[in-house]
Amino acid sequence: MNLKNRIQQLKELNSDLHKEDFLLTWEKSEDDLKMVLEVADILKELRDQNISPKVFDSGLAVSIFRDNSTRTRFSYASAANLLGLEVQDMDEEKSQIAHGETVRETANMISFLTDMIGIRDDMYLGEGNKYMREVADALDEGFEKDVLPSRPGIVNLQCDMDHPTQSMADLLHLKKEYGSLENLKGKKMVMSWAYSPSYGKPLSVPQGIIALMTRYGMDIELAYPEGYELIPEIVEIAQKNAKQSGGSFKISHDMTEAVKDADIVYAKSWAPFHIMQQRTALLKASDKEGLKSLEKRCLLENEKQKEWEYDNAKMKLTKEGKALYMHCLPADISGVSCKEGEVTADTFEKFRIKTYHEAGFKPYIIAAMMFTNKFKNPAKTLNKILKRGLKRKGV
Amino acid sequence: MNLKNRIQQLKELNSDLHKEDFLLTWEKSEDDLKMVLEVADILKELRDQNISPKVFDSGLAVSIFRDNSTRTRFSYASAANLLGLEVQDMDEEKSQIAHGETVRETANMISFLTDMIGIRDDMYLGEGNKYMREVADALDEGFEKDVLPSRPGIVNLQCDMDHPTQSMADLLHLKKEYGSLENLKGKKMVMSWAYSPSYGKPLSVPQGIIALMTRYGMDIELAYPEGYELIPEIVEIAQKNAKQSGGSFKISHDMTEAVKDADIVYAKSWAPFHIMQQRTALLKASDKEGLKSLEKRCLLENEKQKEWEYDNAKMKLTKEGKALYMHCLPADISGVSCKEGEVTADTFEKFRIKTYHEAGFKPYIIAAMMFTNKFKNPAKTLNKILKRGLKRKGV
Amino acid sequence: MNLKNRIQQLKELNSDLHKEDFLLTWEKSEDDLKMVLEVADILKELRDQNISPKVFDSGLAVSIFRDNSTRTRFSYASAANLLGLEVQDMDEEKSQIAHGETVRETANMISFLTDMIGIRDDMYLGEGNKYMREVADALDEGFEKDVLPSRPGIVNLQCDMDHPTQSMADLLHLKKEYGSLENLKGKKMVMSWAYSPSYGKPLSVPQGIIALMTRYGMDIELAYPEGYELIPEIVEIAQKNAKQSGGSFKISHDMTEAVKDADIVYAKSWAPFHIMQQRTALLKASDKEGLKSLEKRCLLENEKQKEWEYDNAKMKLTKEGKALYMHCLPADISGVSCKEGEVTADTFEKFRIKTYHEAGFKPYIIAAMMFTNKFKNPAKTLNKILKRGLKRKGV
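Residues numbered from 1 in each chain as written. Chains lettered and ligands numbered in written order. Predicted model: local features only at pLDDT ≥ 70, side-chain atom pairs only at ≥ 80, totals over all residues.

Q: Could you give me a rundown of the overall build of chain A, with the residues and numbers involved?
A: Helix and strand counts for chain A come out as 15 helices and nine strands. The globule rule puts the C-alpha radius of gyration for 395 residues at 21 Å, and the 21 Å found for chain A is close to it. Over its C-alpha atoms, taken along the principal directions, chain A stretches across nearly 55 × 55 × 40 Å. Contacts in chain A between residues at least 24 apart in sequence constitute 82% of all its contacts with a sequence separation of at least 6. (Helix = DSSP H or I, 4+ residues; strand = E, 2+ residues; numbered from the N terminus. Rg over C-alpha atoms; globule rule 2.2 N^0.38 Å. Contact = placed C-beta atoms within 7 Å.)

What follows is the structure, encoded as structure tokens:
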């Protein structure tokens, strides 16, 4: 289908993304998600055809990274740049944020000429998403009281609960692999824990995956060693979603069993929910000894779960032995990035390029979240972009 | 008044800002300051009307921050971006500046395609403004000798003597609050020291305020505990300005007395001038023990001045009990950002949003300083911008 | 000659830079180098005439600096900005690159919307250039397998072997000084080691200079104290180039002898090749004691070579006593940036502004490398730029 027709079809969606932050996929309607997927894909297509979708002549896209990041940082920068915004990092070390400024004040101080704010805050359970909402409230107040000329939109670049730019990129990847969202119906997807020699990895990816993928009629199996629970409220959301979408959701504790007949395997390490709770408490108390001792215990516990490695033997058990392997990257690859890890080198290598494709959707997903936040009628604006036909590269 | 008429009125100003660095307000004429205020306000209005004032298709705006900053950093980035310049931080840790490069050389090396340089250097008394002038001299030489295609303008983003982007934003705030600069005549403004549990805060804000506000016929009272003197030469400038403008300037040592019948109270902590001198000497000598001992003495001295807190009781003493409270932010708010500080939480809360408005003028003040440095005839260029009618956001 | 004619003349060059990384000058043909020099000069002329050569409406220029840098960082940022790309630093401390990501993966993750990648990696002998080729291979794969919509070009911003943006800027400086490349024929240029109180300076500048300048029929003399050898393979390239170009290349060990009748003296410190080999081995082994002891020995060895300082007495020995002094900056200037160094203060001062001019070509050399990598027919694109006549500054 050509771009014009694809843009035309957006008009059939009843989405409500304008001026709404993108914090959790489960706060968004089916049409909202379809809109983001489709706008992302159209923006990608425009750029691939050397048509610039720049919609800002100036403006800042602030990024607040409270945890390290390469791919999300570059994805955010790419998205902002594509639309014409300049990234300005809010580096808390460089800033006075540590010197007693409140979130409320800082949120306004960085937003006078800002259109979007992207936030990664995934270190503390119960904190990341809360922080984003504090920023959101401050921006609401600033806009209402004429401090800000417009209300910057917020994009969740990973929190303690969800990682929507990741899960939406994953979903767009699946849509491309299977041709349509409809084709995902009845597919078996395993979101599996996997062994990693590290500790304390965020829960946001598996949580984001089960909460989102259950909305498309898939049979989602969440597999992990006993004890490696996710946040219960989000598991409930997945259960509810599965019921509504005509799919299913179950939890199991044997990787080998879980991957049987799977169409898709997403194998990734995370820290148990109750450990993250303890860790957050220790971090808040600055209890270094406690943290060390917790880490030691957890790594010992992890050690017992080395069989949770995705390999060719397990691969063979999947549907026709050729399930799609997914990962948010970087993966802990046995013998490559660690001695023993989430996936064997040969299994990973078979899907390496596919995981790159998967990652490649993220800049466009973020751009689409920005675009739909800022433009009430995305189809109309996209049509203007198409008509304008401005070259991205060249004179 | 509509934009066209406001731009027209700029032509009546006899200002001389083109190719002149903005280092100290007291080096600028009344018309220079009016021009900056008015261009700032017009740029804001243009952006609010979604008209892009971009005047550069490329070019760098270098920033050199020798001290931490959030709001000034973002203000500078926003201003540069609004006009079409890209911020490039001159990070001295990342650079080779510590490896024996002279200021003279570095100033040229970072300026080949640079239009503006913003500098914050407020740590050492007698050094910050001097450093800016060293940079300026180097740029002059580079331009004269064809090293640089144009002479980058310098904006003082806070030095040991003045903080002109702050004081000019404050002045624009006052102009808006009272309707005009003329209406400031006869108003009583108290620039008051206030207690803070920290030590070594720069003198540039109070100095900038008394030197600037005395030019508008106001009755300025500088209040501080004995011993907390500012740089004498700048106090003299304030005295001279007050005389010339038909206002008054006096120094007092009792906050409660000072705020009586005040229209405006700017209550902010700073370190005593003679302490900053000692501190600079110790810093130059890398005398860590000396610095620690100085800090200890100063904090003990500060402790005695806790009654210098702006609160509702003092507020009541002001003109009709409703003086305008001002602060450059972040404030040390008792019970919020510190145990005891510059202002009580309830008093601050009454003016919190107003202090945000005050801060919101800074990006436009900086943009106006850039604009007037780079365009000989601001009215002409602004008219072209208006005529062009380029959208800031949208296609 | 006017711009139109200069652009016209580019068509006579048989260069092959499109989609080719710029890693080593000796991999490039004479016409390739002429093209870069000429495009650089045309881009400079365009900007000087206030004509914007912007050719990208969006897109990233990633920079990877594995060593400190001021001038190259700013040159790269300026070049990218001039063409319309936004610099995004790949800061390895901030990123997850230390957490087991492979170069192959990261290269793709940062490149989804990236047009150019600039890399400085000069710390380890045998590593820097190799790393760039690893990145290049990964990008090739990513582009072939549809991970990347286009293949980002790579510019070597200094490696263990070459520093092509420096040597090409130096060559453009010489071309300007002498009127043409042809006029360089028969000129005597001394690339001389010089004393420095520091240790471990990269070899890439002298290597880059001898490998490049021998291509223009000059008589190149490489002078250094015995033991301070460069990489033998690159010395061989210089010898071969000299033979082909009708010039000469020789090595000597007495600075006073070498500078006799020289037209040009490039006097700069570097670490001996075999020391750099040992240093690399120790660094890889994280042998801190070994590194300390090596440094101590080397500094003692250096101490014996203090007569390798370029001064007025040596200056007098050059052709008519007025050889052109060159340096990549910053120089170790005796009595200025160090007690005893590469050059005396008075000799340096005579050429200080000329070294600034020399440095000023670097942003345009980098821009030309980007431009020729991205546009198959530079003359055609430059003509369009000229015709478009977009103002760089102004409305």
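Having put the structure on the table, let's press on.
Q: Describe unusual backbone geometry, listing the residues and the values that go with them.
A: Looking along the chain, the bond that leaves Leu 329 of chain A and enters Pro 330 of chain A is cis, with omega of -5°. Structurally, Pro 330 of chain A is set in the loop between strand S9 (324-326) and helix H13 (345-360). Located in the positive-phi region is Glu 320 of chain B, a residue other than glycine, with phi close to 55°. Residue placement: Glu 320 of chain B occurs in the loop between helix H12 (312-317) and strand S9 (324-326). Despite not being glycine, Asp 146 of chain C has its phi angle at roughly 65°, a positive value. Here Asp 146 of chain C shows up in the loop between helix H5 (128-144) and strand S4 (153-159). Exposure remark for Asp 146 of chain C: the 11 C-beta atoms within 10 Å place this residue in the exposed category. (Buried ≥ 20, exposed ≤ 12 C-beta atoms within 10 Å, placed from the backbone.)

Q: Which residues make up the sheet that holds S4 of chain C, and what values go with them?
A: All names here are of chain C. Ordered by their spatial adjacency, four strands build an open sheet running S2-S1-S3-S4, and the pairing between neighbours is parallel. Taken across any chain shown, the strands that pair with only one partner, and hence form the sheet edges, are strand S2 (86-89) and S4. Taken pair by pair, the neighbouring strands of this sheet meet at an average axis angle of 20°, ignoring direction. Across four bridges, the pairing between strand S1 (residues 60-65) and S2 is parallel. (Pairing = 2+ DSSP bridges. Axes fitted to C-alpha atoms, helices over the stretch in contact; angles between N-to-C directions.)

Q: Hey, could you go over helix H10 (residues 273-284) of chain C for me, with residue numbers and the actual values?
A: Residue and element names in this part refer to chain C. An ideal rise of 1.5 Å per residue puts 16 Å on twelve residues; H10 measures up with 17 Å between its terminal C-alpha atoms. When we look at burial in H10, the residues that qualify are Ile 275, Met 276 and Arg 279. Taken end-on, H10 shows its buried residues confined to a sector of 95°, consistent with a single buried face. Seen from the buried face of H10, the exposed residues on the opposite side, beyond 90 degrees, are His 274 and Lys 284. Of the surrounding elements, those touching the buried residues of H10 are helix H11 (288-303). Once H10 ends, the next one or two residues include Ser 286, with phi positive near 50°. (Expected span 1.5 Å × (residues − 1). Arc of directions from axis to C-beta.)

Q: Break down the domain arrangement of chain A for me, citing the residues and quoting the values.
A: All names here are of chain A. According to the domain assignment, chain A contains domain 1 (3-162 + 362-388) and domain 2 (165-359). With centres defined by C-alpha atoms, the gap from domain 1 to domain 2 works out at 26 Å. Of all elements in the fold, only helix H2 (30-48), helix H3 (71-83), strand S4 (153-159) and helix H14 (362-374) reach the threshold of two or more residues within the side of domain 1 that touches domain 2. The greatest single-element share of the side of domain 1 that touches domain 2, amounting to five residues, is contributed by H2. Residue composition of the side of domain 1 that touches domain 2, grouped by class: twelve nonpolar, five polar and seven charged. (Domains from an automatic or database assignment. Nonpolar A, V, L, I, M, F, W, Y, C, P; charged D, E, K, R; others polar.)

Q: Residue-level account of the relation of the copies chain B and chain C, with values.
A: Between the two copies of the chain lies a rotation about an axis combined with a shift along it. Once chain B is rotated about the relating axis by 120° and shifted along it by 0.0 Å, it coincides with chain C to within an RMSD of 0.0 Å. Look at the turn and shift together and you get a three-fold axis relating the two. Every residue of chain B has its C-alpha some distance from the rotation axis, and the shortest such distance is that of Glu 86 of chain B, at 4.8 Å. Counting the interface residues of chain B, we find that no more than 3% of their copies in chain C are interface residues as well, pointing to two distinct contact surfaces. (Least-squares fit on C-alpha atoms with pLDDT ≥ 70 in both.)

Q: So what about the interface of chain C and chain A? Which residues, and what values?
A: Every contact between the two is made by 31 residues of chain C and, on the other side, 32 residues of chain A. Residue assignment for the side of chain C that touches chain A shows that the elements contributing at least two residues are S2, helix H4 (103-109) and helix H15 (378-388) of chain C. Per-class residue counts for the side of chain C that touches chain A are eleven nonpolar, twelve polar and eight charged.

Q: For the relation of the copies chain C and chain A, give the residues involved together with the corresponding values.
A: The transform that puts chain C on chain A rotates by 120° and translates by 0.1 Å along the axis, for an RMSD of 0.0 Å. Of the interface residues in chain C, just 3% have counterparts in chain A that sit at the interface too, so the contact is made through distinct surfaces.

Q: Describe in detail the pairing of strand S5 (residues 188-193) of chain A, supporting the description with residues and values.
A: Residues and elements named next belong to chain A. Of all six residues in S5, six are buried; the element is thus mostly enclosed. Sheet topology places S5 next to strand S6 (residues 219-223); five bridges connect them, and they run parallel. Paired with Ser 192 across the bridge in S6 is Ala 223. Relative to strand S8 (residues 264-268), S5 runs parallel, the two being bridged by five bridges. In the strand pairing of S8, Met 191 is matched with Tyr 266.

Q: Tell me what's going on with the pairing of strand S1 (residues 60-65) of chain B, and back it up with residues and numbers.
A: All names here are of chain B. Most of S1 is tucked away: six of the six residues are buried. Along S1, one buried face is formed by Leu 60, Val 62 and Ile 64 and the opposite face, lined by Ala 61, Ser 63 and Phe 65, is buried too. For the handedness criterion, the β-α-β arrangement of S1, helix H3 (residues 71-83) and strand S2 (residues 86-89) is classed as right-handed. Bridge analysis of S1 against strand S3 (residues 114-121) gives six bridges, and the strand direction is parallel. Paired with Phe 65 across the bridge in S3 is Arg 120. (Right-handed = clockwise from strand over helix to strand, strands pointing away.)

Q: Could you give an account of the sheet that holds strand S6 (residues 219-223) of chain B, naming the residues involved and the relevant values?
A: Residues and elements named next belong to chain B. Here five strands make up an open sheet; going across it, the order is S7-S6-S5-S8-S9 and the pairing parallel. Each edge of the open sheet is held by one strand with a lone partner, namely strand S7 (248-252) and S9. Each adjacent strand pair in this sheet contributes to an overall mean axis angle of 15°, direction not counted. Two elements, strand S8 (residues 264-268) and S9, share three bridges in a ladder whose sense is parallel.

Q: Which residues make up the interface of chain B and chain C, and what values do they have?
A: The interface of chain B with chain C comprises 31 residues on the first partner and 32 residues on the second. Going through the elements one at a time, S2, helix H4 (103-109) and helix H15 (378-388) of chain B are the ones with two or more residues in the side of chain B that touches chain C. In terms of residue class, the side of chain B that touches chain C is built from eleven nonpolar, twelve polar and eight charged.

Q: Please set out the packing of helix H2 (residues 30-48) of chain B against helix H6 (residues 164-178) of chain B residue by residue, giving values where relevant.
A: Residues and elements named next belong to chain B. Relative to each other, H2 and H6 sit at 75°, their axes nearing to 10 Å. It follows from the interaxial angle that H2 and H6 lie roughly perpendicular. Contact residues: H2 offers Val 36, Leu 37, Ala 40 and Asp 41, while H6 offers Met 168, Leu 171, Leu 172 and Lys 175. (Parallel < 35°, antiparallel > 145°, perpendicular 65-115°, else oblique.)

Q: Report on the confidence of the model for chain A, specifying residues and quantitative values.
A: Residues and elements named next belong to chain A. For chain A, per-residue confidence averages 94 on the pLDDT scale, and residues scoring 70 or more make up 97% of the total. The low-confidence segment residues 94-100 (pLDDT under 50) makes 18 contacts with residues lying over four places distant or belonging to another chain. Model confidence for the complex is summarised by a pTM of 0.97, with the ipTM given as 0.96. (pLDDT = per-residue confidence, 0-100.)

Q: If you had to explain the environment of Leu 300 of chain B to someone new, which residues and values would you point to?
A: Residues and elements named next belong to chain B. Among the secondary structure elements, Leu 300 is positioned in helix H11 (residues 288-303). On the basis of neighbour counts, which here come to 9 C-beta atoms within 10 Å, the residue Leu 300 falls in the exposed class. The sequence separation of Leu 300 and Glu 141 amounts to 159 residues, and the corresponding C-alpha distance is 48 Å.

Q: Could you give me a rundown of the packing of helix H6 (residues 164-178) of chain A against H14 of chain A, with the residues and numbers involved?
A: All names here are of chain A. Direction vectors running N to C along H6 and H14 enclose 115°, while the axes themselves pass 9 Å from each other. Here H6 is positioned roughly perpendicular relative to H14, judged by the angle of their axes. Judged by the sense of rotation from one axis to the other, the crossing of H6 with H14 is right-handed. Each of Thr 165, Gln 166, Met 168, Ala 169 and Leu 172 in H6 lies in contact with H14, whose residues at this interface are Lys 362, Ile 365 and Ile 366. Its residues assigned to classes, the contact of H6 with H14 comprises five nonpolar, two polar and one charged. (Left-handed = near helix turned anticlockwise from the far one by under 90°.)

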